[in-house]
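Here is what each chain is made of, one letter per residue.
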Amino acid sequence: MSASSAAAPGTGAKPNAGLAWLARIAELRAWLFLLILVVFFETWAQVAYGVTFFGSSYNLQSIAVFAVAPLLLALGSTFVIISGGIDLSIGFVMGLSAVVAAHGVNIAGHWLSPFPAMLVGIVAGLLVTLVPGKINGLLIAKLNIPPFIGTLGMFGVARGVAFLIAGGTTVPVSNHWFASLGNDRIFGLPYVVLVTVLFLIGMHYLLSQTRFGQHTYALGANEQATIRAGIDVDRLKQRLYMLSAFCAGIGGVLYAARFTAGAAQAGEPLLLDSIAAVVIGGASLFGGSGTVFGTVAGSLVIAVIQYGLVFINVEPFWQFVAVGCVIIISVLVDQTQRRFTER
Amino acid sequence: MATETGPILDVRNIYKRFGGVQALDDVSMNLYPGEVVALAGDNGAGKSTLIKAISGVYRADEGEIVLAGEPVHFASPEAARGAGIETIYQDLALADNLSIGANIFLGREPMRNMFGFLPVLDRRKMAAAAKETMARLDFHVSRLEAPVGRFSGGQRQAVAIGRAIYWNARVLIMDEPTAALGVPEQRKVLSLVQTLKTQGQGVIFISHNLHDIFAVADRIFVLRRGQLAGERRIEDTNPDEVVRLMVGG
Ligand SMILES: Nc1ncnc2c1ncn2[C@@H]1O[C@H](COP(=O)(O)OP(=O)(O)O)[C@@H](O)[C@H]1O
Ligand SMILES: [Mg+2]
């Protein structure tokens, strides 16, 4: 941090309780947004239609399924953004994964029975993402290309390759196990939601309880300090972008399962939503802060807005306005908090 | 203290040239445990070059560096740090979003097993080490889990020093540690240096500020245009003489 930030003679010795409280609110802002939205849509549904919105398990499930794909992308972006980077390629890496998974299931189906054929497709869809992830990491870590530029390049490459592999159309899959993964439920919980919940718990563990997570935070706050602490920052960056691509891969595989088809453009509309989810969830685009559960809340905020506006039957275009407003408010809250709590 | 043993650091006849500039020209200095040595000199005198040669950033063209009786040749700052020579930099040192403990352990985080099988960060150990280390430096921090970005400049410097001594640094090098601090914070850092001294730590202290130097140093080495202009015990000299040594004549 700059030398001037260290001045403030005689003050700032202790983090005071009021500021800690402000920081806490800023940290939890996504949950507050969520609460406000819940109250808003419930009231609207009750008053306008005399029905419950959140009391309906159908609605809750729809919201959860809605939230899955952007959340998966956002989980990877949470790590990357905390580290001070950005990954613009994930939308099309997701598409690439969906197409490869679809082809994989089909091709393996010529030799194998449906269940192992599905597994082959899933593994292929996940593994293929490590290629763009690794290349992103090498560009950023070894060639020092800014993440914005490097992953923008990969956005184009992954997009082109995905469309080429797909032959310019969608790739339908016929495999009842795969379709079941995408559409069936266990104890009322859709498999795709279950997979996502298990995965996000793993990601929370990774971010909050491991050295990898700790070093990710350090990298986003002070790269020099991280290098000086003996951490292999190049390797860390490569892993971060591979993790981000892998998350997109899970999104792509689940997409292909849900629609029983792989499409190159599967993740196209999700990139901005996922980054918005991370930011609403409390991460700073300058790096150094953010949490997995914040991102979960951010994703739910977006999903509730999108689904809720459809439910109360207003023009769907309002969702762009609403999500945009939430992003701006969220960043304003973050900046205000920073101004007060940092020296 | 402990002057009956040899110096912890002995720098012998160091030369370093940058193109046409002889940045260090036959410079020798030494440091004993429990001693604070000040390096003084005008801008461009060679102070930073000297500590960079000691801390493994530069390789000297000629000369010898002896650490605790052993000649050493550091290929990198990491190697010097591994041998116990720690440089406290102003700004590069800390991750502002992490706690004191997490900063102390950055890159060497302790782990424990949750439920007997799941490795997780041992935050309790980190917090305990942070508390102990900061108390050792006479800095008492109430909120150990708060990110260090919320602390003042002097406290942050204490954290950086705390990390060094936690990992058994034998030689602490502080380049202008009181620059960019307010007056009360400067006092705190100076008393921190005193504390380190009473604990037997060797400290090399670079400063422009003669007041600071006379407040904490035991000896002073004055550099002028790459050469050693003089070495004095602090009780045998005064600011006037030091200035004369710095500017020559
Ligand atoms: N990396 C470098 N390349 C070229 N010249 C340098 C380099 N580092 C220092 N010098 C020169 O060496 C001399 C001593 O510099 P320095 O050690 O930084 O002095 P001080 O820290 O006492 O102000 C100066 O003339 C400076 O310009
Ligand atoms: Mg200097």
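On a predicted model such as this, the values are computed, not experimentally measured, just so you know.

*Asks:* Outline the overall build of chain B, listing residues and values.
*Replies:* Helix and strand counts for chain B stand at eight helices and twelve strands. Taking 18 Å as the expected radius of gyration for a compact globule of 249 residues, we find that chain B reaches 19 Å, a close match to that expectation. With respect to the three principal axes, the spread of C-alpha positions in chain B is 70 × 40 × 40 Å. A sequence separation of at least 24 residues applies to 64% of the contacts in chain B between residues at least 6 apart. Accessible surface computed for chain B: about 10600 Å², of which carbon and sulfur atoms make up 49%. Computing the positive centroid from 28 side-chain charges and the negative centroid from 29, chain B places the two 6 Å apart.

*Asks:* Residues and numbers for the site of ligand 1, please.
*Replies:* All names here are of chain B. Every residue close to ligand 1 is listed here: Phe18, Val21, Ala23, Asp42, Asn43, Gly44, Ala45, Gly46, Lys47, Ser48, Thr49 and Tyr58. A distance of 2.7 Å separates an oxygen atom of ligand 1 from a polar atom in the backbone of Gly44. Protein burial of ligand 1: of its 550 Å² of free accessible surface, 62% is covered by the chains. At the level of elements, β2 (21-31) and α1 (47-54) are the ones that each hand at least two residues to the shell around ligand 1. The dominant element in the shell around ligand 1, judged by the number of residues it contributes, is α1, at three residues. When grouped by side-chain class, the residues that make up the shell around ligand 1 number five nonpolar, five polar and two charged.

*Asks:* Any chance you could break down the pairing of strand β11 (residues 219-224) of chain B for me, citing the residues and the numbers?
*Replies:* Side-chain direction in a regular strand flips from residue to residue, so the side chains alternate between the two faces of the sheet. Residues and elements named next belong to chain B. In terms of residue burial, β11 counts as a mostly covered element, since five of its six residues are buried. In this sheet, β11 lies alongside strand β3 (residues 36-41) in parallel orientation, the contact comprising five bridges. Its bridge partner lying in β11, Val37 is registered against Arg219. Where β11 meets strand β12 (residues 227-233), six bridges bridge the pair, whose relative direction is antiparallel. Bridging across to β12, Ile220 finds its partner in Arg232. Joining the antiparallel neighbours β11 and β12 is a turn of two residues, in which Arg225 adopts a positive phi near 45°.

*Asks:* I'd like a description of the pattern of salt bridges, backed by residues and values.
*Replies:* All names here are of chain B. According to the stated counting rule, one finds 15 salt bridges over all chains in the structure shown. Two residues, Glu78 and Arg81, come together in a salt bridge whose shortest N-O distance is 3.8 Å. You can see Glu78 and its partner Arg81 sitting in helix α2 (residues 77-82), three residues apart, about one turn around the helix. By relative accessible area, which is 17% here, Arg81 ends up buried. With a shortest N-O distance of 3.2 Å, Asp218 and Lys197 are connected by a salt bridge.

*Asks:* With reference to specific residues and values, describe the sheet that holds strand β5 (residues 70-72) of chain B.
*Replies:* All names here are of chain B. What the four strands build is an open sheet, ordered β2-β1-β4-β5; its pairing is antiparallel. Lying at the two open borders of the sheet, with one neighbouring strand each, are β2 and β5. Along the sheet, successive strands turn relative to each other by an average axial angle of 30°, direction set aside. Relative to strand β4 (residues 62-67), strand β1 (residues 9-18) runs antiparallel, the two sharing five bridges.

*Asks:* Which residues make up a nonpolar patch on the surface, and what values do they have?
*Replies:* Residue and element names in this part refer to chain A. The grouping of Trp21, Ile25, Leu32, Leu35 and Val39 at the surface amounts to a nonpolar patch, some 510 Å² of accessible area in total. Elements represented by at least two residues in the nonpolar patch include exactly α1 (17-27) and α2 (29-49). At three residues, the largest contribution of residues to the nonpolar patch is made by α2. Within the secondary structure, Ile25 sits in helix α1.

*Asks:* Kindly report on the layout of surface pockets, identifying the contributing residues and their values.
*Replies:* Of the pockets and cavities examined, the largest pocket occupies roughly 1600 Å³. Lining the largest pocket we find 49 residues, and of these Glu27, Gly288 and Ser289 of chain A together with Asn97 and Pro147 of chain B sit closest to its centre. Looking at the lining of the largest pocket, the elements that each hand over two or more residues are α1, α2, α9 (191-209), α10 (211-221), α14 (292-311) and α15 (318-341) of chain A together with α3 (100-104) and α4 (123-136) of chain B. Here the element with the most residues in the lining of the largest pocket is α1 of chain A; it accounts for five residues. Of the residues belonging to the lining of the largest pocket, the class tally is 19 nonpolar, 19 polar and eleven charged. Its boundaries defined by the atoms lining it, the second largest pocket holds a volume of some 600 Å³. The wall of the second largest pocket is formed by 26 residues, among which Pro70, Pro269, Leu270, Asp273 and Gln306 of chain A lie closest to the centre. In the lining of the second largest pocket, the residues fall into 19 nonpolar, four polar and three charged.

*Asks:* Any chance you could break down α1 of chain B for me, citing the residues and the numbers?
*Replies:* Structurally, the α-helix is built with 3.6 residues per turn, so residues lying three or four positions apart point the same way. All names here are of chain B. Of all eight residues in α1, six are buried, a share of seventy percent or more. Buried residues of α1: Lys47, Thr49, Leu50, Ile51, Ala53 and Ile54, and no others. The positive-phi residue at the C-terminal boundary of α1 is Gly56, with phi of around 85°.

*Asks:* Describe the domain arrangement of chain B, naming the residues involved and giving the relevant values.
*Replies:* All names here are of chain B. Assigned domains of chain B: these are domain 1 (1-84 + 170-249) and domain 2 (96-168). One C-alpha centre belongs to domain 1, the other to domain 2, and the line joining them spans 28 Å. Listed by partner, the interface residues are 14 residues for domain 1 and 14 residues for domain 2. At the junction of domain 1 with domain 2, the criterion picks out zero salt bridges. For the pair domain 1 and domain 2, the number of links is one residue pair in polar contact (both at pLDDT 80 or more). Looking at which element gives the most residues to the side of domain 1 that touches domain 2, the answer is helix α6 (residues 183-198), with six residues. For the side of domain 1 that touches domain 2, the residue count by class is seven nonpolar, four polar and three charged.

The rules behind these values
Residues numbered from 1 in each chain as written. Chains lettered and ligands numbered in written order. Predicted model: local features only at pLDDT ≥ 70, side-chain atom pairs only at ≥ 80, totals over all residues. Heavy atoms only, no water. Helix = DSSP H or I, 4+ residues; strand = E, 2+ residues; numbered from the N terminus. Rg over C-alpha atoms; globule rule 2.2 N^0.38 Å. Contact = heavy atoms within 4.5 Å. Areas by Shrake-Rupley, 256 points an atom, 1.4 Å probe, with all protein chains shown as cover. Lys, Arg positive; Asp, Glu negative; His and termini not counted. Charge placed at Lys NZ, Arg CZ, Asp CG, Glu CD. Near = heavy atom within 4 Å. Polar contact = N/O pair within 3.5 Å; in protein donor to acceptor, adjacent residues only side chain to side chain. Nonpolar A, V, L, I, M, F, W, Y, C, P; charged D, E, K, R; others polar. Buried < 20%, exposed > 50% of the residue type's maximum accessible area, 1.4 Å probe, protein only. Pairing = 2+ DSSP bridges. Salt bridge = Lys/Arg side-chain N within 4 Å of Asp/Glu carboxyl O. Axes fitted to C-alpha atoms, helices over the stretch in contact; angles between N-to-C directions. Patch = residues over 30% accessible without salt bridge, like charges linked within 9 Å, V, L, I, M, F, W, Y side chains within 5 Å. 1 Å grid on protein atoms, 1.4 Å probe; cavity = no way out; pocket = protein on both sides within 12 Å on 5 of 7 lines; lining within 4 Å. Points joined across faces, edges and corners; volume = space filled by probe spheres on them. Domains from an automatic or database assignment.

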